[in-house]
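Here is what each chain is made of, one letter per residue.
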Amino acid sequence: MNDAKSKRELWIGWWTLVVFYNLYGLLFFVVTRTQPPPSPSAEPAAIVQWFADRHDGLIYGYAVVFIVGGATAIMNATLAWTMRRMSVSRAFAYSYLVIYALATLPGMLLMGIACTVGAMRPDRDPALIAWLYDFAFLSFEGTMGVFLIGSLVWMAAVLLDKNGVFPRWFGYLNLCNALTEVVVAPAWIFQGGVFAWDGAIAWWVNMGVFVTYTAVFLTLIRNLILREDFGTGPLPELPTR
Amino acid sequence: MKEARETAAAARFVPGQPDMWAFVLFEALVFTAYFTVYVVCRTRNLELFLQSQAHLDLRVGVFHTLVLLASSWSVARCVQAARERSYEAALRHAYLTVLFGSVFLVSKVLEWAAKLRQGFGFTTDEFFSFYYFLTAIHFLHLLIGFVALGIAIHQLRSPLRRSQETVETCATYWHTIDFLWVLIFALLYVMR
């Protein structure tokens, strides 16, 4: 296969990342309105009302998530490919793929399933609806450990790599992202305040770091594809325009 | 002319990898966000924060600060010795840094244990939530700091591996931990 065709495949992977991160942002923030997260201390009656207010958005929004959710495989494969281009062992890319395949469950599907069930069964006991609400947001916010280890795997790969796939500061940014994933853990304990699942520290600061981190790695992967020479050694510098 | 070039070169020089300084910047921004949230919450509930803060022993905070400042001094001596190719002295100072760091860790755990015995836990009130959160996240950074020191020691032990840049990078990380602690100490123990 010639280089132009191979690059086209990499660009498909990169555009899948860009399109789906934006789409997920739209679905979670605008269509389903499940982000920013609501209060964890809401009473069952308020929770039933919360589901009623978002009924159509939850059903149609998560229907789209369930239909296109498989795109995460292409996204994760593109991220894992960056590690395959490094001089490090293939074990890094394989670990990352497995971790992020698992992360799809708490990061997307469990919340979607719980919210869809709550929206589709409004006649159920409010206590059960409140249970679904807790399950949805705790599974989403409280299980960031998989992302923590994923970031550390990427960090180690970047810092050990001799091919110059990514700058070393990106390795350190991975560490920064990993450390903010730890900060979400108190969301299991608190139902209000800055450490709750909607809190200034557990959610807002974390989201700020995550958005920055995502924008950075999308840019770096774009540059990586531009630099790619399909060899196995050090990558050339970014071509000048 | 030559002087101007040397001045310019000195101005550009940063110890270790410039990438580590990017990490220092990221962490400084994230901690600034935590500190801002702390100050806002404190302003909203000043009386509770002052009452709870009174249960912290300022002397313990001062001791922790002095120990970490001493560790920063020893890691700086380690870098200086490595620059002068006195690798035995550099290793001695690296081990001394590990010792100071360990004293801090043990002392911090003892302080937490004492607070828990007195009935002040993570959920006792907003001040103690911040106290445990900020000291624990700093503790985690310190644990990573031991990995950095381990890398520096590994480099210094063999002439085949010695990289001044790596030693300085690890020292920069260690200084960051100290820098963050001084701010945490000021906010939790001193600001009354």
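The structure this text deals with has already been given above.
These figures come from a predicted structure and were not determined experimentally.

1. Some thoughts on the overall build of chain B
- Each helix and strand in chain B was counted, giving seven helices and zero strands.
- Reading the secondary structure of chain B in the N-to-C direction produces α-α-α-α-α-α-α.
- Based on the C-alpha atoms only, the size of chain B along its principal axes is roughly 60 × 35 × 20 Å.
- Counting only residues that meet the buried cut, chain B has 33% of its 192 residues in that class.
- Partitioning the contacts of chain B with sequence separation of at least 6, the portion at a separation of at least 24 is 76%.

2. Overview of the interface of chain A and chain B
- At the interface, 20 residues of chain A touch 19 residues of chain B.
- Among the elements of the structure, α8 (168–182) and α9 (200–227) of chain A are those that each provide at least two residues to the side of chain A that touches chain B.
- At nine residues, α8 of chain A tops the list of elements feeding residues into the side of chain A that touches chain B.
- Across the side of chain A that touches chain B, the residue classes tally to 17 nonpolar, two polar and one charged.

3. Quick notes on the nonpolar core
- In terms of nonpolar packing, the biggest core is built from 104 residues, with Tyr96, Ala136, Cys176 and Ala202 of chain A together with Cys78, Cys170 and Trp174 of chain B touching the most fellow members.
- For this core, the leading source of residues is helix α6 (residues 126–157) of chain B, giving 13 residues.
- The residues touching Cys176 of chain A, leaving out its near neighbours within four places in the chain, are Val209 of chain A together with Phe23, Phe26, Glu27 and Val30 of chain B.

4. Observations regarding the packing of α8 of chain A against helix α2 (residues 18–44) of chain B
- In the contact formed by α8 of chain A and α2 of chain B, the axes pass within 8 Å of each other and the chain directions differ by 25 degrees. Of the possible angle classes, the one that applies to α8 of chain A and α2 of chain B is roughly parallel. The way α8 of chain A lies across α2 of chain B gives a crossing that is right-handed. The residues of α2 of chain B that touch α8 of chain A, namely those facing Arg168, Trp169, Tyr172, Leu173, Leu175, Cys176 and Thr180 of chain A, are Asp19, Met20, Ala22, Phe23, Phe26, Glu27 and Val30 of chain B.
- Tallied by class, residues from the contact of α8 of chain A with α2 of chain B come to ten nonpolar, one polar and three charged.

5. Structural notes on the packing of helix α5 (residues 90–120) of chain A against helix α7 (residues 145–160) of chain A
Residue and element names in this part refer to chain A.
- Where α5 meets α7, the closest approach of the two axes is 9 Å, and the angle between their N-to-C directions is 160 degrees. The angle between α5 and α7 falls in the class roughly antiparallel. Note that α5 runs across α7; the crossing there is left-handed. Only Val146, Phe147, Ile149, Gly150, Val153, Trp154, Ala156 and Ala157 of α7 make contact with α5, whose side of the interface consists of Phe92, Ser95, Tyr96, Ile99, Tyr100, Leu102, Ala103 and Pro106.
- A breakdown of the residues in the contact of α5 with α7 according to their chemical character gives 14 nonpolar, two polar and no charged.

6. Topic: the environment of Met83 of chain A
All names here are of chain A.
- Position of Met83 among the secondary structure elements: in helix α4 (residues 71–84).
- Classification of Met83 by C-beta neighbours within 10 Å gives buried; the count is 25.
- Each C-alpha atom of the pair Met83 and Tyr96 lies 8.9 Å from the other, and the pair is 13 residues apart in sequence.
- Filtering out sequence-adjacent residues up to four positions away, Met83 remains in contact with Val88, Phe92, Ala93, Tyr96 and Ala157.

Quick notes on the rules
Residues numbered from 1 in each chain as written. Chains lettered and ligands numbered in written order. Predicted model: local features only at pLDDT ≥ 70, side-chain atom pairs only at ≥ 80, totals over all residues. Helix = DSSP H or I, 4+ residues; strand = E, 2+ residues; numbered from the N terminus. Buried ≥ 20, exposed ≤ 12 C-beta atoms within 10 Å, placed from the backbone. Contact = placed C-beta atoms within 7 Å. Nonpolar A, V, L, I, M, F, W, Y, C, P; charged D, E, K, R; others polar. Core = buried A, V, L, I, M, F, W, Y, C linked by C-beta atoms within 7 Å. Axes fitted to C-alpha atoms, helices over the stretch in contact; angles between N-to-C directions. Parallel < 35°, antiparallel > 145°, perpendicular 65-115°, else oblique. Left-handed = near helix turned anticlockwise from the far one by under 90°.

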